[in-house]
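Descriptive structure summary
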Amino acid sequence: MVDVSSMSPKEAALTVLSDYLLDNDLLTLPVDVENLATLLGIKYEKRNFDPSKSTVSGFLVKTAKDEPFLAVTNAAEYPQRQRFTLAHEIGHYVHLYQNRSTNEVVGKVEYRNELSSAGTDPEEVWANQFAAELLMPASIVSQYWGEGLSKTDISSIFDVSIAALENRLNSLGLR
């Protein structure tokens, strides 16, 4: 795998899609992020988080030196949100850890709060942009939008929420 840590989120997502899914004839829509995590060597779990900590969407952690990374999403959130969170965690992995010898214990918990939605943390912005590109590649979104498909149809094709698609359309200058 090419080192994507210095790439833009778009370039990194397209490289990951190509290297792991397209090269193995596994690239479909919607993108199978659970399979991608497995191909990257990331274990994936859905967990029910403590309701008092319901702002946690997910996390990426390596709990022991000889263990793989583990991505966890909040099972209480709707499936499209879990898909985006997993894609986001994959983004952190490929950006920060994939091509580095990481034997220390590391972790990153994702909160849905004012700070995370403010878009001020460069790593969070990068992981969000990576996730959007991974789940909704710009060229395909633009093609479907240009063909006049509805937001409902496009969001169904990519298995994302209408809100995620609207954010993507805005970021691509299509709205």
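Just above sits the structure.
Residues numbered from 1 in each chain as written. Predicted model: local features only at pLDDT ≥ 70, side-chain atom pairs only at ≥ 80, totals over all residues. Heavy atoms only, no water.

This part takes up the overall build of the protein. Helix and strand counts for the protein stand at 8 helices and 4 strands. Shown N-terminal to C-terminal, the secondary structure of the protein runs as helices and strands in the order α-α-β-β-β-α-β-α-α-α-α-α. Burial analysis of the protein (175 residues in total) assigns 42% to the buried set. The contacts of the protein with a sequence gap of at least 6 include a subset with a gap of at least 24, amounting to 66%. Accessible surface for the protein amounts to roughly 8900 Å². Of this, 50% is attributable to carbon and sulfur atoms. (Helix = DSSP H or I, 4+ residues; strand = E, 2+ residues; numbered from the N terminus. Buried < 20%, exposed > 50% of the residue type's maximum accessible area, 1.4 Å probe, protein only. Contact = heavy atoms within 4.5 Å. Areas by Shrake-Rupley, 256 points an atom, 1.4 Å probe, with all protein chains shown as cover.)

For the peptide bond that leads from leucine 29 to proline 30, omega is 0 degrees, which places it in the cis range. Inspection of the secondary structure assignment puts proline 30 in the loop between helix H1 (9–21) and helix H2 (33–39).

On to the packing of aromatic side chains, then. The geometry of an aromatic ring pair comes down to the distance between the two centres and the angle between the two planes. Inspection of every chain in the model, using the stated rule, returns 5 aromatic pairs. Pairing tryptophan 126 with phenylalanine 130 gives two aromatic rings, centres 5.6 Å apart and planes at 10 degrees, and the pair type is stacked. Residue tryptophan 126 and its partner phenylalanine 130 are both found in helix H5 (residues 122–135); the two are separated by 4 residues, about one turn of the helix. Each member of the pair, tryptophan 126 as well as phenylalanine 130, carries the same accessibility label: buried. Put simply, the rings of Phe69, Tyr93 and Tyr97 touch in pairs and so form one group of aromatic residues. (Phe/Tyr/Trp six-rings, centres within 6.5 Å; stacked < 30°, edge-to-face > 60°.)

A word on the pattern of salt bridges. A complete count under the given rule lists 7 salt bridges for this structure. Counted as one network, the salt bridges with shared partners bring together Lys151, Glu166 and Arg175. (Salt bridge = Lys/Arg side-chain N within 4 Å of Asp/Glu carboxyl O.)

Helix-helix packing: each pair is described by the crossing angle between the helix axes and the interaxial distance. Between helix H3 (residues 79–97) and H5, the shortest axis-to-axis distance is 8 Å and the interhelical angle comes to 120 degrees. When the axis of H3 is compared with that of H5, the two are oblique. When you trace H3 past H5, the crossing you get is right-handed. Packed against H3, whose contacting residues are Arg83, Phe84, Ala87, His88, Ile90, Gly91, His92, Val94, His95 and Leu96, the element H5 presents Glu123, Glu124, Trp126, Ala127, Asn128, Phe130, Ala131, Ala132, Leu134 and Leu135 at the interface. (Axes fitted to C-alpha atoms, helices over the stretch in contact; angles between N-to-C directions. Parallel < 35°, antiparallel > 145°, perpendicular 65-115°, else oblique. Left-handed = near helix turned anticlockwise from the far one by under 90°.)

To continue, consider the side chain of lysine 62. Mapped onto the elements, lysine 62 comes out in strand S2 (residues 56–62). It turns out lysine 62 is buried and unbridged, and the closest side chain with the opposite charge, aspartate 66, is 6.8 Å from it. In terms of polar contacts, lysine 62 uses its side chain to reach the backbone carbonyl oxygen of glutamate 67, at 2.5 Å. (Lys, Arg positive; Asp, Glu negative; His and termini not counted. Polar contact = N/O pair within 3.5 Å; in protein donor to acceptor, adjacent residues only side chain to side chain.)

Our next topic: the nonpolar core. Ile90, Val94, Phe130, Leu134 and Met136 are the most contacted members of the largest nonpolar core, which has 38 residues in total. Filtering out sequence-adjacent residues up to four positions away, methionine 136 remains in contact with Val141, Phe158, Val160, Ala164, Leu165 and Arg168. Of all hydrophobic cores here, the second largest spans 6 residues; its members include Val56, Phe59, Val61 and Val72. (Core = buried A, V, L, I, M, F, W, Y, C linked by side-chain atoms within 4.5 Å.)

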